[in-house]
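Spelled out, the chains give:
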Amino acid sequence: MKFVTVKDQSGEFIGVVDESGTRVLPLKKAWEEIENTPFPDTMLQAIDLGDEFIEKVHKLMEKVNIDSFLSLDQYTILAPIPTPRKNIYCVGKNYAKHAIEMGSKEDIPEHPIIFTKSPTTVVGCGAEVLNHQQVTSELDYEGELAVIIGKKGRGISREDALDYVFGYTILNDVTARDLQAQHKQYFIGKSLDTTCPMGPWIVHSSEIEKPHNLNIETKINGEVRQSSNTENFIFPIEEIIHVLSKGMTLEPGDIIATGTPEGVGKGFKPPRFLKSGDVMTVTIEQIGTLTNTIS
Ligand code: MG
């Protein structure tokens, strides 16, 4: 199932998107037509409910008819989690060829490199990404698979790690390379407003049997820049969750961006940074396409 957050004049709601990716079932409204019990309003509340949420959705899907699905076009798609509770965890240099394009073979990490992005970076599919020309002249894209944590845990073993995953989405870790380099730690260069487009939806983990065998492709104005597969991860999702949770509690709704493949703008000679009007599309097999334009 694909879970989306959308809004119209009446407000925000969560829904299930159909197979075609063009129609949405407003979950709470549909639930209230058949049941007189509470239903979560937001994606974070839904993820917090855990298995109970998924059971409710299954129950609902058995009872609703096709007419309850509405055209997705009439809504604005927001990020699936529009305002995360915490910073977004990100893995740096998780594809060997990307580590090499950013430096040399010496840059292939022995342990996961972890940095974060501020929650104020998050925008949805279709939203404009600000060009930030007053503060950077080296804005760059990074198409990535993102993992949404579904269950609280610390000291999570590699064996159990995937049980803690609620689902998967697409994330573009837009980066100001000059600020990333100037400030040593990545945080400022990774946290400019609107530089974390995410979505268009979360695909539930039950539908992605092999998260380490997904094609991932980033295009700029239709030109393929990044083309890889998650089988090329240096650190698989199990290892990332295991390492992050060793002494730090992961919680439902936490977002982990798993790193970007080779082909970022900085990797070209000369570099090909983003400019106003550029259209970025990141496509991941079995999930969908995340599209955003630079202002
Ligand atoms: Mg990244």
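These remarks concern the structure in this document. Positions within a chain are numbered from 1, following the residues in the order the chain's sequence is written. In keeping with the predicted nature of the model, local features appear solely for residues at pLDDT of at least 70, side-chain atom pairs appear and are counted solely at 80 or more, and the whole-chain, interface and lining totals rest on all residues. Only hydrogens and water are removed before side-chain values are computed, so all heavy atoms of the structure are retained for them.

Take the state of the cysteines next. Linking two cysteines covalently via their sulfur atoms produces the bond known as a disulfide. The rule for a disulfide is simple: a pair of cysteine sulfur atoms within 2.5 Å. As enumerated under the stated definition, the model contains 0 disulfides in all. Of all cysteine sulfurs in the structure, the one in Cys-196 sits closest to Cys-90, which takes part in no disulfide; the separation is 6.4 Å. Left without a disulfide partner, Cys-125 is nearest to the cysteine sulfur of Cys-196, which lies 13 Å away.

On to the nonpolar core. Counting 38 residues, the largest nonpolar core has Leu-145, Tyr-168, Ile-237, Ile-241, Ile-256 and Ile-287 as its most contacted members. Elements with a minimum of two residues in this core: strand 1 (2–8), strand 2 (11–17), strand 6 (88–92), strand 11 (143–149), strand 12 (165–172), strand 14 (196–204), helix 7 (237–244) and strand 18 (279–284). Helix and strand definitions here come from DSSP, where helices need a minimum of 4 consecutive H or I residues and strands a minimum of 2 consecutive E residues; each element is numbered from the N-terminal end. Sorting elements by how many residues they give to this core places helix 7 first, with 4 residues. For each domain, the first and last residues come from an automatic or database assignment. Residue-level mapping places this core at the junction of two domains, with at least three residues from each of domain 1 (2–77) and domain 2 (88–294). Contacts were defined at the residue level, with two residues in contact if any of their heavy atoms lie within 4.5 Å. Apart from residues no more than four positions distant in its own chain, Ile-241 is found in contact with Ile-149, Ile-156, Ala-161, Val-165, Leu-250 and Ile-256. Only buried Ala, Val, Leu, Ile, Met, Phe, Trp, Tyr and Cys residues count toward a nonpolar core, and they belong to the same one when joined by side-chain atoms within 4.5 Å. The rule is simple: take the accessible area with a 1.4 Å probe, protein chains only, and divide by the maximum for that residue type; under 20% is buried, over 50% is exposed, in between is partly exposed.

The rule is short: rings of Phe, Tyr and Trp, with Trp giving its six-membered ring, pair when the centres are within 6.5 Å, and they are stacked under 30 degrees, edge-to-face over 60, tilted in between. Across all of its chains, the model carries 7 aromatic pairs by this definition. Arranged with centres 5.4 Å apart and planes meeting at 40°, the rings of Trp-31 and Phe-39 form a pair that is tilted. A single burial state applies to Trp-31 and to Phe-39, both of which are buried. Between the aromatic rings of Phe-115 and Tyr-186, the centroid separation amounts to 5.1 Å while the plane-to-plane angle is 65°, which identifies the pairing as edge-to-face. Of this pair, Phe-115 sits in strand 7 (residues 113–117) while Tyr-186 sits in the loop between helix 5 (177–182) and helix 6 (187–190), and the two are 71 residues apart along the sequence. A residue is classified by how much of its surface remains accessible, and Phe-115, at 8% relative accessible area, is buried. By way of ring pairs, the aromatic residues Phe-3, Trp-31, Phe-39, Phe-53 and Phe-166 are connected into one cluster. We count a charge as sitting over a ring when the NZ of a lysine or the CZ of an arginine lies within 6 Å of the ring centre and within 35 degrees of the ring normal. Stacked on the ring of Tyr-164, the Lys or Arg Lys-151 has its end atom at 4.5 Å from the ring centre. Over the ring of Phe-268 we find Arg-272, and its NZ or CZ is 5.1 Å from the ring centre.

It is worth stressing that arrangement in space is one thing and function is another; only the former is reported here.
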